[in-house]
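Each chain, written out:
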Amino acid sequence: MRECRLRPISTPPLALPIFVLWRYPRTIAKHQLRERVLSPRSPSPVFVLEGGRSGGGESSSGSMSTVSKGPAVAVEAEEAEEDAVEKDYVGLSEESCSCYPDGKGDDGGAEDEDEEELELGLSLGAKKVTGGGGKQGGAPWREYCRILTAEDFPSMVSRAPPLSSSSSVSSSATLVRGGTTGGAASRRVAVSGSPDAGGSTNPPPSTQMVVGWPPIRAYRMNNIINQSKDNTSSNAIVTMTPKETNESSKNITKEVIAKELEKKGGLAGNSLFVKVNMDGDPIGRKVDLNAHWSYETLAAALEAMFDKPTSALGASICGSRTSKLDDGSPEFSLTYEDKDGDWMLVGDVPWGMFLSTVKRLRIMRTSDTNGGLAPRLHSSKSSGGLRNVP
Amino acid sequence: MPAGGGWAAMFPDEVWEHVFSFLAADGDRNAVSLVCRGWYHIERRSRRRIFVGNCYAIAPTVAVRRFPNVRVVSIKGKPHFADFNLVPSDWGGHADAWVAAMAEGWPLLEELHLKRMVVTDECLELLARSFKNFRVLALSFCEGVSTAGLAAIAANCRNLRELDLQETVVEENCVHWLSHFPESSTSLVNLSIASLEEDVNIAVLEHLVSRCTNLKTLKLNYAVPLDRLVNLLCRAPQLANLGTGRFTAEYRPELFSKLESAFASCKSMKSLSGICEAVPEYLPAIYPICDGLTSLNLCDAPVNGASLTKLVSRCKNLQRLWVMDVIEDDGLAAVASSCKLLQELRVFPCDPYGADPVSLTEHGLVTVSTGCPMLQSVLYFCRQMTNDALFAVARSSPNLTCFRLCIIDPHTPDYVTLEPLDAGFSAIVESCKDLRRLSVSGLLTNNVFRSIGASADCLEMLSIAFAGDSDAGLHYILSGCKSLRKLEIRDCPFGDKALLANAAKLETMRSLWMSSCFVSLGACRLLAQKMPLLNVEVMDEKKRGGSWDSQPDDCLVEKLYVYRTVAGQRSDTPPCVWTV
C-alpha cells in the first residue's frame, strides 16, 4: 500500500457543510476501505477512491453509520466533519498524486486503476509540478500535497476570479458567497461557460466530479468540455501571473503556456480524453490525459487499463527507467497521432507540447514500429483546439 | 370447440398464420404461443420480428432455432448506465455470437437493430456476406466498428435502405468507405452518420445523395461544412429528416441566402438535428422550414437564448424539442406559448459544472407543462426544484409517460422550503397514471419510494441516484411497482435485506443495476443460489485476475447487475466481472 503523508491542514475559515451534503453517501467496497480509508477524525486525509467518493469509516458498519447520520452532519456542520471533508477534498487530489509511482514503481498497478475510474476529469490541482518533460521522480508529488494545504487557501481565495486555482478552495469560496446549504450545494466549478458566454468566462478551476454524474452521455461531456477549452486557453494567457510559471521568459507558444498553466493548478479540471487503441484489442478505451502529468504516469495507467503483462510500456517510453514490470524488451510501443495526422513515438517532446498536439494514442506492436516512426519535434501551434477529442 | 386441443386443427395452419399476422405486439404473440402446442409452432414459424431486450437473456442459437423465419431483429446489450461510464468498458455485449447464429439460421434477414453492443468489423463483414436481402442496419450507442466494416456493408448489401449509426463510435480505418457504395446503388432511404468523427469525402457523398432519389433521412457529421450542406440540400429537396453538420462559418451574405433558399426548397422537412456549434447569424436560414417541423434537436447548438427562442417560436407544429438549457426560462415560456402540440421536451445542460449558471429554473418546466397539454415525455436538467413546481407539473400534465428530472447537484432539496422532494415526486406518480419511465433526483427519503411502489402501476423503468435513507426504500419499490422491468440504482443506501426479501420479483424484471450501494457479496451469493434463473454479476474494476471465490461474504459489492436469463452463465465475462 502506498503511503502518502500530508501535512495536516488546519480547518480553513470556510463553511463546508455543503461538501458534506454533497459527499454523502459515498460507499466504498470494504476491501478498498481496508486499504485506504482512515477515520474522518484522524489527522490524515481521507483518500477518495472511485469516482470521487469517500467513505467515513473502516468497516461497513462504520460507513453505514456515517451514511445514516449524513444529513444530520450536514446540518450541524461539525468541525470534524468539515475537517474530514476538507481532507476529502485534499484527499481527492491526493488520490491523483498518490497513485503515481514516483520512480519507485512498486505496486502502482491497483492504484493506477483508480485513475481510470476518475474519468470525468478528476484532474485537480495536481498539475503544478512538472515544468518540462515530466520525467521526474518522487519529490514532485509532495508539492501537490502542499498546494492544497491551508496555507495556500487564503492566497487561492484571494485570486479566485478569474484565474481560480485548484478545485476545492475556489469552489468553496464560491459556495460561501453562494450562501445557502441545500440549494447551492457544491458548485463544481470546472468547465467554464459555453463559447458564447463571452470573454468573461472564468477559466475553470477544477472540481470533484462524480463518475457518471450528471447523467449525460460521455461523448457529449467531452464536447462540452472541449468547446469551452478553446475559450479558456485563450483566456488563460491573459490572466497568467509571472509567478505561476518558471519559464515566463521563454518564448513558448500560447498553447503550451496554457497547458503549463493547467499543470500549475490554474486550469486543472479540464478533461482531455483521447482514444487509446491497442493492437489486437477491438475495444478502444479512453484516457484523460489531463489526469496525468508525466509520461510515466500515463504509461502506468495505460498498462493497467489494458492489462497485458508483456507490454512494459513504461520501459519503452522511459528508456532505462523501468516500470513495475520486469520485461526486458517491450513487446508494445506507445504511439500517438498528432494534429497533422502523423504517428509519433510517445516520449520525445515535453509533456506540455505532447498534450497540445496529441489527438489519439495507439499501442502498437513493436515490430510494426521498427524503422517506421522517426520521432520528430513538432512545433505545435494552437489551432483553435480540438472540437471533439473523443 | 372440440375437446383436447384438437380445435387448432380446425383450420389449416395458413389461416392461423394469417390471423396471427394481425398481432403486432410481442406480448400478444407470446400469449398466443402459450395456448397450445399447435399454436406455439404456428406462431413461432410465422414470427417475423423479435426483440431481445438483453442479449444475454437467451442464447443466440436457441432464438434462431425457435423462430426460423425472422426478418427483423432488435437486440440490446449493455445496461443503460454504460452511457455514463459506470459499466466496465470490457463488460461484454458482443454481437459476434448473435451475428454468427443469425448468419446460419436466418439467411433472409432484412433488418438488424443493435443497441449498446460491441460490434466488430468482422461482424459487419459476415453480415454483408450472409444476408442477400439485407436492408436496414441500425447501430445505436454501439462501439467497436470502424469504417472498414462500413465499407463492407456499403459494397455488398445491394439493397441497403438504411444505414443508421446513431451515437455509435466508429473508428477510422478506411477513408473512402463511402466510395464503396456501387454506382448502381440507389436504394438508400436513410443515411445517418452523425457520430462519425472523421471526414467523409463530400464529393462522393453528394453523388450518392443525388442518385438516391428516395433518400428521406440524411444525418451528416461535424466534418461537413455549411457551404457543402447547401449543395447536398439542393440535391435532395425531398428530405424529411435532416441532420446538419457544423452550422458555423463566417457570416457571408451570399452563403446565407443560398442556405436559406436551399432550406426553402425542402418542402417535406419534418425533423432537423445537428446544427453543431451554430452561430446566431445563420439560424434564420432555417426559418423557411420551421412551420413544417415536428422534431427539432438543438442539443449541439449552445447559442444564446434569444436566438433559440426566435427560432423555436416559429415552429408551431413542433412535437419534439431537444434543446440546451441556454434557452432559459424565457425561451421555454416562448415554447409553451408557440408549440401547443409539443409532446416531448428534453433540456440538456450546456455547462454542468459551470460557474455561471444559466437562468433555467423549475419555472421553465412548469410553464411548458401548463402551456403544452399534449406533453408526454420530459427530460429536464436543472439546478433547483421545488415541490410546488412538481405539484404543478403533476396537475397540468397527467398524461406523462416519461418523466426524468435531473437536478445537477445530488441531494438538492426544495430550495424554498428546504424539504426533500418526496411530496413532489409522489404527486407525479399519483397523478400520472400512465407513467412508464421515471428518473428521480434531488434530496429524497424513503417516503417517495413508498409512493412510487404504491402508485406507479405502469412504471417500467426507474432510475434512482443519491436517494433514500435505508433498505426500506428499495423494499417499497420491489414489492410494489407491478410492471417494473428495469431498475437502476446508484449511490443509495440500499442493502441486502430488501434485495433478498424480493428475490422473486427480480425474475419478473428484465434487469437490476445497483452500484455504490450497500450490497454485500454474501447476499449476492445467496441470491444466485436461491434464483437459478437469474445471472448475478458483480463487478469491480480493480479485480483483474484476482479470485472472487476467496472474498469474504461481508465485502461490499461495488457494482451489481442482475438479470433474468434462460441461457445460464455467460462465457464471455471479463476478469472484472464475476457471475456469482
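Residues numbered from 1 in each chain as written. Chains lettered and ligands numbered in written order. Predicted model: local features only at pLDDT ≥ 70, side-chain atom pairs only at ≥ 80, totals over all residues. Heavy atoms only, no water.

K.L.:
Could you give an account of the overall build of chain A, with specific residues and numbers?
P.N.:
When helices and strands are tallied, chain A shows 15 helices and five strands. Here chain A holds 390 residues, and the buried ones make up 63% of them. Restricting the contact set of chain A to residue pairs at least 6 apart, pairs at least 24 apart contribute 69%. Of the accessible surface of chain A, which amounts to about 13,300 Å², a share of 53% is contributed by carbon and sulfur atoms. (Helix = DSSP H or I, 4+ residues; strand = E, 2+ residues; numbered from the N terminus. Buried < 20%, exposed > 50% of the residue type's maximum accessible area, 1.4 Å probe, protein only. Contact = heavy atoms within 4.5 Å. Areas by Shrake-Rupley, 256 points an atom, 1.4 Å probe, with all protein chains shown as cover.)

K.L.:
So, a nonpolar patch on the surface: which residues are in play, and what are the values?
P.N.:
All names here are of chain B. A surface patch of nonpolar side chains, about 320 Å² in accessible area, is lined by Met10, Phe11, Val15 and Val19. Along the polypeptide, valine 19 turns up in helix 1 (residues 13-20). Judged by relative accessible area, valine 19 falls into the partly exposed class, the value being 41%. (Patch = residues over 30% accessible without salt bridge, like charges linked within 9 Å, V, L, I, M, F, W, Y side chains within 5 Å. Salt bridge = Lys/Arg side-chain N within 4 Å of Asp/Glu carboxyl O.)

K.L.:
Hey, could you go over the nonpolar core for me, with residue numbers and the actual values?
P.N.:
Soluble globular proteins tend to bury their nonpolar side chains together. Membership of the largest hydrophobic core comes to 192 residues, with the highest contact counts inside it found for Trp177, Phe247, Phe403, Ile452 and Leu487 of chain B. Those residues in contact with tryptophan 177 of chain B that lie beyond four places of it in its chain are Thr147, Leu150, Ala151, Ala154, Leu163, Ile193, Leu196 and Val200 of chain B. Core analysis: the next-biggest nonpolar cluster, separate from the first, contains 23 residues, Leu272, Leu298, Leu355 and Val358 of chain A among them. (Core = buried A, V, L, I, M, F, W, Y, C linked by side-chain atoms within 4.5 Å.)

K.L.:
Quick one: what's the story with helix 14 (residues 362-371) of chain B, residue by residue and with numbers?
P.N.:
Residues and elements named next belong to chain B. Across the ten residues of helix 14, seven count as buried, placing the element largely inside the fold. Where the residues of helix 14 are buried, they touch helix 13 (328-338), strand 14 (344-348), strand 15 (377-382), helix 15 (387-396) and strand 16 (402-407). Two or three places before histidine 363, at the opening of helix 14, threonine 361 has a side-chain oxygen 3.1 Å from that residue's backbone nitrogen. (Polar contact = N/O pair within 3.5 Å; in protein donor to acceptor, adjacent residues only side chain to side chain.)

K.L.:
Account for the packing of aromatic side chains, with residues named and values stated.
P.N.:
For the structure on display, the rule yields 24 aromatic pairs over all chains. With 5.1 Å between their ring centres and 80° between their planes, phenylalanine 20 of chain B and tryptophan 39 of chain B make a pair best called edge-to-face. Of this pair, phenylalanine 20 of chain B sits in helix 1 while tryptophan 39 of chain B is found in helix 3 (residues 37-46), placing the two residues 19 residues apart along the sequence. Three or more aromatic residues joined by ring pairs make a cluster, and in this case those are Tyr56, Phe81, Phe84, Trp91, Trp513, Tyr561 and Tyr563 of chain B. For the cation-ring pair, arginine 362 of chain A lies above tryptophan 343 of chain A, with the distance from its terminal atom to the ring centre recorded as 6.0 Å. We note arginine 116 of chain B situated over the ring of phenylalanine 141 of chain B; from NZ or CZ to the ring centre the distance is 5.3 Å. (Phe/Tyr/Trp six-rings, centres within 6.5 Å; stacked < 30°, edge-to-face > 60°. Lys NZ or Arg CZ within 6 Å of the ring centre and 35° of its normal.)

K.L.:
Pulling in residues and values, what's your account of the sheet that holds strand 1 (residues 273-278) of chain A?
P.N.:
All names here are of chain A. Here five strands make up an open sheet; going across it, the order is 2-1-5-3-4 and the pairing mixed. Each edge of the open sheet carries a strand with a single partner, namely strand 2 (285-288) and strand 4 (343-345). Between one strand axis and the next, the sheet turns by 35° as a mean value, whatever way the strands run. Sheet analysis places strand 3 (residues 332-338) next to strand 5 (residues 358-365), joined by seven bridges and oriented antiparallel. Pairing of leucine 334 across the sheet is with isoleucine 363, part of strand 5. (Pairing = 2+ DSSP bridges. Axes fitted to C-alpha atoms, helices over the stretch in contact; angles between N-to-C directions.)

K.L.:
Before we move on, can you summarise the environment of methionine 117 of chain B with the specific residues and values?
P.N.:
All names here are of chain B. Topologically, methionine 117 is positioned in the loop between strand 3 (111-115) and helix 6 (121-130). Of the residues examined, methionine 117 reaches a relative accessible area of 0% and is grouped as buried. Considering only alpha carbons, one finds methionine 117 and lysine 76, 41 residues apart in sequence, at a separation of 6.7 Å. Setting aside its immediate chain neighbours within four residues, methionine 117 contacts Cys55, Ile75, Lys76, Gly77, Gly93, His94, Ala95, Trp98, Phe141, Cys142 and Glu143.

K.L.:
Go over the environment of cysteine 517 of chain B, please, and point to the residues and values.
P.N.:
Relative to the helices and strands, cysteine 517 of chain B is located in the loop between strand 20 (511-515) and helix 21 (521-530). When the C-alpha positions of cysteine 517 of chain B and aspartate 496 of chain B are compared, they lie 9.6 Å apart, and in sequence the two are 21 residues distant.

K.L.:
An account of the packing of helix 9 (residues 226-235) of chain B against helix 10 (residues 253-264) of chain B is needed here, citing residue identities and associated values.
P.N.:
Residues and elements named next belong to chain B. At a closest axis distance of 9 Å, the pairing of helix 9 and helix 10 adopts a crossing angle of 30°. Relative to helix 10, the element helix 9 is oriented roughly parallel. Every pair of crossing elements has a handedness; the one defined by helix 9 and helix 10 is left-handed. Residue-level contacts link Leu226, Asp227, Leu229, Val230, Leu233 and Cys234 of helix 9 to Leu255, Lys258, Leu259, Ala262 and Phe263 of helix 10. (Parallel < 35°, antiparallel > 145°, perpendicular 65-115°, else oblique. Left-handed = near helix turned anticlockwise from the far one by under 90°.)

K.L.:
Quick one: what's the story with the pattern of salt bridges, residue by residue and with numbers?
P.N.:
A full pass over the atoms with the stated rule returns 22 salt bridges over all chains. The salt bridge involving aspartate 13 of chain B is made with arginine 45 of chain B; its shortest N-O contact spans 3.4 Å. Of the two residues, aspartate 13 of chain B is situated in helix 1 and arginine 45 of chain B in helix 3; the sequence distance between them amounts to 32 residues. On the basis of relative accessibility, which here comes to 33%, the residue aspartate 13 of chain B falls in the partly exposed class. Owing to a relative accessible area of 32%, arginine 45 of chain B belongs among the partly exposed residues under this scheme. Between glutamate 206 of chain B and arginine 235 of chain B there is a salt bridge; the shortest N-O distance is 3.8 Å. You can see glutamate 206 of chain B sitting in helix 8 (residues 202-211) and its partner arginine 235 of chain B sitting in helix 9, a full 29 residues away along the chain. A network of salt bridges, in which partner residues are shared, links Arg217 of chain A together with Asp83, Arg116 and Glu167 of chain B.

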